[in-house]
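Residue-level listing of the chains:
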Amino acid sequence: MTKTSTSKTNVNLPTQNMFHSTTDNESDAEIDLFYDQIKGKLDRLIKNPSDDTIKRILAYSKSK
């Protein structure tokens, strides 16, 4: 049998300074800049499989 206990002190609670608001304009601008940098790479990830490929994948998934 496993014995468990709970601490009576607040050592496991997060401190107030752990939570910073990230909704300021500077962080929004950083997010927008990051997205603009990776946008082209994300667009290249788009794949358009042929109908034959889709049929083979569906057939394989039904066989399992």
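Please refer to the structure placed before this passage.
Model, not experiment: these values are computed from the prediction.

What counts, and where the lines are drawn
- Residues numbered from 1 in each chain as written.
- Predicted model: local features only at pLDDT ≥ 70, side-chain atom pairs only at ≥ 80, totals over all residues.
- Heavy atoms only, no water.
- Helix = DSSP H or I, 4+ residues; strand = E, 2+ residues; numbered from the N terminus.
- Buried < 20%, exposed > 50% of the residue type's maximum accessible area, 1.4 Å probe, protein only.
- Expected span 1.5 Å × (residues − 1).
- Bend = angle between axes of the 7 residues up to and from the residue.
- Salt bridge = Lys/Arg side-chain N within 4 Å of Asp/Glu carboxyl O.
- Patch = residues over 30% accessible without salt bridge, like charges linked within 9 Å, V, L, I, M, F, W, Y side chains within 5 Å.
- Areas by Shrake-Rupley, 256 points an atom, 1.4 Å probe, with all protein chains shown as cover.
- Polar contact = N/O pair within 3.5 Å; in protein donor to acceptor, adjacent residues only side chain to side chain.

Summing up its helical and strand segments, the chain has 2 helices and 0 strands in all. Residues classed as buried in the chain amount to 2% of the 64 residues present.

The first and last C-alpha atoms of helix H1 (residues 25-44) sit 29 Å apart over 20 residues, in line with the 28 Å expected at 1.5 Å per residue. Residue Ile38 marks the point of greatest curvature in H1, where the axis turns by about 45°.

Once that is clear, we can look at the pattern of salt bridges. Where charged atoms of side chains with opposite charge meet at close range, the side chains can pair. With the rule as written, the count across this model stands at 1 salt bridge. Across the pair Arg56 and Asp52 runs a salt bridge whose closest N-O atoms are separated by 3.5 Å. Remark: Asp52 and Arg56 occur in helix H2 (residues 51-63); sequence separation between them is 4 residues, near one turn of the helix. Residue classification places Arg56 among the exposed residues on the basis of a relative accessible area of 53%.

On to a nonpolar patch on the surface. A surface patch of nonpolar side chains, amounting to about 310 Å² of accessible area, comprises Tyr35, Leu42 and Leu45. The exposure class assigned to Leu45 is exposed, which follows from its relative accessible area of 59%.

Here we come to H2. For H2, which comprises 13 residues, the first-to-last C-alpha distance of 18 Å matches the rise-based estimate of 18 Å (1.5 Å per residue) to within 8%. Burial analysis of H2 places just 0 of its 13 residues in the buried class, which makes it a mostly uncovered element.

As for its position among the elements, Ser63 is in helix H2. According to the relative accessible area criterion, Ser63 is exposed, its value standing at 56%. A distance of 2.7 Å separates a polar atom in the side chain of Ser63 from the backbone oxygen of Tyr60.

Treat this as a map of the structure, not an account of what it does.
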